[in-house]
Amino acid sequence: MKRDTCPICGKQPETEFKPFCSRGCKDRDLLQWLGEGYRVPGEPADPDAQTGLDTGAGRD
């Protein structure tokens, strides 16, 4: 699906910042992701489930 306008403000996108119109809109979008303003739907996380990360347990 092709977007003809900036997803943040609706202006024409600039080639350098596509699909955004400026560095400001690009940064604003990134801040939404980092600040959990955007969310991807899914099942709630189980806090007791293994994360697959190495915690260092069992090392000498």
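The paragraphs below set out a description of the structure included in this document. (Residues numbered from 1 in each chain as written. Predicted model: local features only at pLDDT ≥ 70, side-chain atom pairs only at ≥ 80, totals over all residues. Heavy atoms only, no water.)

So, on to unusual backbone geometry. Residue Pro-19 is reached from Lys-18 by a cis peptide bond, and omega for that bond is 5°. If you check the backbone angles, Glu-36 has positive phi at about 60° while not being a glycine. By the secondary structure assignment, Glu-36 is in the segment after α1 (23-34). (Helix = DSSP H or I, 4+ residues; strand = E, 2+ residues; numbered from the N terminus.)

Residue placement: Asp-29 occurs in helix α1. Looking at Asp-29, the relative accessible area reads 17%, which means it is buried. When sequence neighbours within four positions are dropped, the list of residues in contact with Asp-29 reads Ile-8, Phe-20 and Tyr-38. (Buried < 20%, exposed > 50% of the residue type's maximum accessible area, 1.4 Å probe, protein only. Contact = heavy atoms within 4.5 Å.)

Fair warning: the whole summary comes from geometry, so function is off the table for now.
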